[in-house]
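Structural features, examined
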Amino acid sequence: MMKIIGACFIILATTWAGFEASKHLNERPRQLRQLKSALQSLEAEIMYGHTPLHEAARRLAAQLSKPLSWFFESFSKKLTDSETTVRAAWEESLKEVWKLTAFKQGEFEIMKQFGETLGRHDRFSQQKQIMLALSHLEREEADAYERQAKYERMVKSLGFLSGLLLIILLI
């Protein structure tokens, strides 16, 4: 009886681990879509609303879900509360929130490069920089969908099957 209960716990634990690992694959495309939407909203605030950067970031934080809302909230606070450059505030906020996201290193580099140009150009040059970042993020989003389709089901199955293997080895 104890072996059966132990086997059930092992199956549940490894299956849960497989589903948690697949959740990361599921979150990345969703967060990339949100990030693209946020950059498009930022473009609209800059181009048509003539909104200051800290105010635009604060508005974006209110519209987005976590963890991206945390990023824009942190960026807005750094711009208003401290004497720092836009680039430094962007990079610090990026580093703070990055571990909480499902993004990969490629997205980090894209956002870091975008932050280096943010606030340095006129509105039309800034719009071009946003469009460039969006095109790079679209490429990353296509990669994320491809990885999700390729590996999500496998990771879930691997969790369950590794539990079965462990039970067989222990019995």
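For the structure, check the block above.
Structure report, in brief.

Rules used throughout
- Residues numbered from 1 in each chain as written.
- Predicted model: local features only at pLDDT ≥ 70, side-chain atom pairs only at ≥ 80, totals over all residues.
- Heavy atoms only, no water.
- Helix = DSSP H or I, 4+ residues; strand = E, 2+ residues; numbered from the N terminus.
- Expected span 1.5 Å × (residues − 1).
- Buried < 20%, exposed > 50% of the residue type's maximum accessible area, 1.4 Å probe, protein only.
- Core = buried A, V, L, I, M, F, W, Y, C linked by side-chain atoms within 4.5 Å.
- Contact = heavy atoms within 4.5 Å.
- Salt bridge = Lys/Arg side-chain N within 4 Å of Asp/Glu carboxyl O.
- Phe/Tyr/Trp six-rings, centres within 6.5 Å; stacked < 30°, edge-to-face > 60°.

Quick notes on helix α4 (residues 86–98)
With 13 residues, α4 ought to run about 18 Å at 1.5 Å a step, and its terminal C-alpha atoms sit 18 Å apart, in line with that. Where α4 is concerned, the buried positions are Ala89, Trp90, Glu91, Ser93, Leu94, Val97 and Trp98.

Here we look at the nonpolar core
Nonpolar side chains in soluble globular proteins tend to end up buried together. Counting residues in hydrophobic clusters, the biggest one holds 33 residues, and the most contacted among them are Leu39, Leu42, Phe72, Phe75, Trp90 and Phe114. Counting residues per element, the ones that place at least two in this core are α1 (2–47), α2 (53–63), α3 (68–81), α4, α5 (105–117) and α6 (123–170). It is α1 that provides the largest number of residues to this core, a total of 6 residues. Tryptophan 90 has contacts with Phe71, Phe72, Phe75, Met111, Lys112, Phe114, Gly115 and Leu118, leaving out every residue within four places of it along the chain.

Details of the pattern of salt bridges
When charged atoms on two side chains of opposite charge get close, those side chains can pair. By the definition in use, this model includes 15 salt bridges. A salt bridge links arginine 87 to glutamate 116, with the nearest nitrogen and oxygen atoms 4.0 Å apart. With arginine 87 in helix α4 and glutamate 116 in helix α5, this residue pair connects regions lying 29 residues apart in the sequence. Relative accessible area serves as the criterion here: at 37%, arginine 87 is assigned to the partly exposed category. Among the charged side chains, a salt-bridge network with shared partners connects Arg28, Glu107, Arg139, Glu140, Asp143 and Arg147.

Digging into the packing of aromatic side chains
All chains considered together, the criterion is met by 7 aromatic pairs. Measuring from centroid to centroid gives 4.9 Å for phenylalanine 71 and phenylalanine 72, while their planes differ by 70°, and the two rings are edge-to-face. When sorted by exposure, phenylalanine 71 lands in the same class as phenylalanine 72, which is buried. Summarising the aromatic geometry, the rings of tryptophan 98 and phenylalanine 108 are spaced 5.1 Å apart at their centres and angled 70° between planes, so their arrangement reads as edge-to-face. Remark: phenylalanine 108 occurs in helix α5 and tryptophan 98 occurs in helix α4; sequence separation between them is 10 residues.

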